[in-house]
Amino acid sequence: MKKRAMKILSLCLVTAMTITPIKSIDAAEVAGTIKTNEVASNVDDATQLINLETTWKYLDNNTDPGEGLASLSAWTELSYDDSAWKSAAGMFGSKKGALSAIGEVTPTVLLNQYYDNEGTSVNIPTYFFRTTFAADKLEEGTALKGTIQYDDGAIVYLNGKAIAYFGEAEKDVSTETNLYYLTNGVGNEGAGDPAEGIFVIDPEDLNKGENVIAVEVHQKTASSSDVFFAMPSLEVDVQDTSNLEQEDVILMVGSDETSRNLTWYVDYA
């Protein structure tokens, strides 16, 4: 749905004996200039909360962090103790048990890909990741946008709440365990490069102080050749208005005889 945004610009016209004729102002040119400068400023001020240098706590030993807790998703909450988990920053993954290229991407942190099942090496079905970020410096009502790369499927949580599913992972959510393959979800098995997805965080879901992002990455099958997880970015969701068209330009009387107010409207999604 498109929204109607109103921009107001107050133009001060310095005069000596007479008021400068308002017709000498090119309203469209002024509006376009202000619009471009505002967008550039917003982009420059964008707050990046997570990138490839962010440290994650992770679990890759075929254990369920929700087992024995009040709920299976309790491990995604801010209060959960992940001090015993491994810790690293970068791109996590494995290709046949090694740090090898997965398509055109090579992970930097090796995940334990297999567990022994009665003498047979079998893919660990699920991997678990957690990291925290502070939102106390964000303006009220600020939405966030994140990018995730995964193989084969993933679920993203914020402060204990599932906010995004990838590879149709929602089709396989279990009420009995977090260790399962995506037998119903499409996953990314055999697709070459890791898949990439975008998720948006509603400002109403953010804590004013510390927040936790948790991700579970699922394998498609017990014989999948690779696994991958990375979150290249989580940042302020800045709306690009560089291509918006101004219309309905209105010129009004200013606060005194030396100024005029210029108002224009744009539609944005």
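What you are looking at is a predicted structure, and each value in this text was computed from that prediction instead of being measured.

Rules used throughout
- Residues numbered from 1 in each chain as written.
- Predicted model: local features only at pLDDT ≥ 70, side-chain atom pairs only at ≥ 80, totals over all residues.
- Heavy atoms only, no water.
- Pairing = 2+ DSSP bridges.
- Helix = DSSP H or I, 4+ residues; strand = E, 2+ residues; numbered from the N terminus.
- Axes fitted to C-alpha atoms, helices over the stretch in contact; angles between N-to-C directions.
- Salt bridge = Lys/Arg side-chain N within 4 Å of Asp/Glu carboxyl O.
- Buried < 20%, exposed > 50% of the residue type's maximum accessible area, 1.4 Å probe, protein only.
- Phe/Tyr/Trp six-rings, centres within 6.5 Å; stacked < 30°, edge-to-face > 60°.
- Polar contact = N/O pair within 3.5 Å; in protein donor to acceptor, adjacent residues only side chain to side chain.
- Core = buried A, V, L, I, M, F, W, Y, C linked by side-chain atoms within 4.5 Å.

With that settled, consider the sheet that holds strand 14 (residues 210-218). Strand order in the open sheet formed by 6 strands is 4-3-9-14-11-12, and the pairing between neighbours is antiparallel. Of all strands in the sheet, those bounded by a partner on one side alone are strand 4 (86-89) and strand 12 (161-166). Within the sheet, the average angular offset between the axes of one strand and its neighbour, ignoring direction, is 25 degrees. Pairing of strand 11 (residues 153-158) with strand 12 involves 5 bridges; the strand directions are antiparallel. Paired with Ile155 across the bridge in strand 12 is Tyr165.

Another aspect to go through is the pattern of salt bridges. Evaluated as defined, the whole model comprises 4 salt bridges. Of the charged contacts in the structure, one is a salt bridge between Lys86 and Asp60, with a shortest N-O distance of 3.0 Å. Highlighted residues: Lys86 in strand 4 and Asp60 in the loop between strand 3 (55-59) and strand 4, separated in sequence by 26 residues. By relative accessible area, Asp60 is classed as buried at 4%. For Lys161, the salt bridge identified is with Asp205, shortest N-O distance 3.3 Å.

This next bit is on the pairing of strand 7 (residues 114-117). Pairing of strand 7 with strand 8 (residues 120-123), which is carried by 4 bridges, proceeds in the antiparallel orientation. Bridge assignment links Tyr115 to a residue of strand 8, and that residue is Val122. Adjacent in sequence and paired antiparallel, strand 7 and strand 8 are bridged by 2 residues, among which Glu118 carries a positive phi angle near 55 degrees.

What follows concerns the packing of aromatic side chains. The way to describe two aromatic rings as a pair is by their centre distance and the angle between their planes. Scanning all chains against the criterion turns up 11 aromatic pairs. Between Tyr80 and Trp85, the ring centres sit 5.8 Å apart and the planes meet at 65 degrees, which makes this aromatic pair edge-to-face. Residue class for Trp85 comes out buried when judged on its relative accessible area of 8%. With 5.2 Å between their ring centres and 65 degrees between their planes, Phe92 and Phe129 make a pair best called edge-to-face. In this pair, Phe92 sits in strand 5 (residues 92-95) while Phe129 sits in strand 9 (residues 126-134), placing the two residues 37 residues apart along the sequence. You'll find Phe92 and Phe129 in the same group, each marked buried. Following the ring pairs from residue to residue traces out a cluster consisting of Trp56, Tyr58, Phe92, Phe129 and Phe229.

With respect to the helices and strands, Gln113 occurs in the loop between strand 6 (109-110) and strand 7. On the accessibility criterion, Gln113 (2% relative accessible area) is buried. Engagement of the side chain of Gln113 in a polar contact is seen with the backbone oxygen of Ser224, the distance being 3.3 Å.

Glancing now at unusual backbone geometry. At the junction of Asp151 and Asp152, the peptide bond is cis and its omega measures out at 20 degrees in the coordinates. Along the chain, the position of Asp152 falls in the loop between strand 10 (144-151) and strand 11. With a phi close to 55 degrees, Glu168 is a non-glycine residue in the positive phi region. In this structure, Glu168 sits in the loop between strand 12 and strand 13 (195-201).

This part takes up the nonpolar core. Ranked by internal contacts, the top residues of the largest apolar core, which has 34 residues, are Phe129, Phe133, Phe199, Ile213 and Val215. Sort the elements by how many residues they give to this core and strand 15 (residues 226-236) lands first, with 5 residues. Counting 11 residues, the second-largest nonpolar core is a separate cluster that includes Phe128, Ile155, Leu182 and Ala214.

Most of strand 10 is tucked away: 7 of the 8 residues are buried. Judged from the 7 bridges that link them, strand 10 and strand 13 form a sheet pairing that is antiparallel. Along strand 13, the bridge assignment pairs Tyr150 with Ala195. Both strand 10 and strand 15 contribute to a ladder of 7 bridges, which runs antiparallel.

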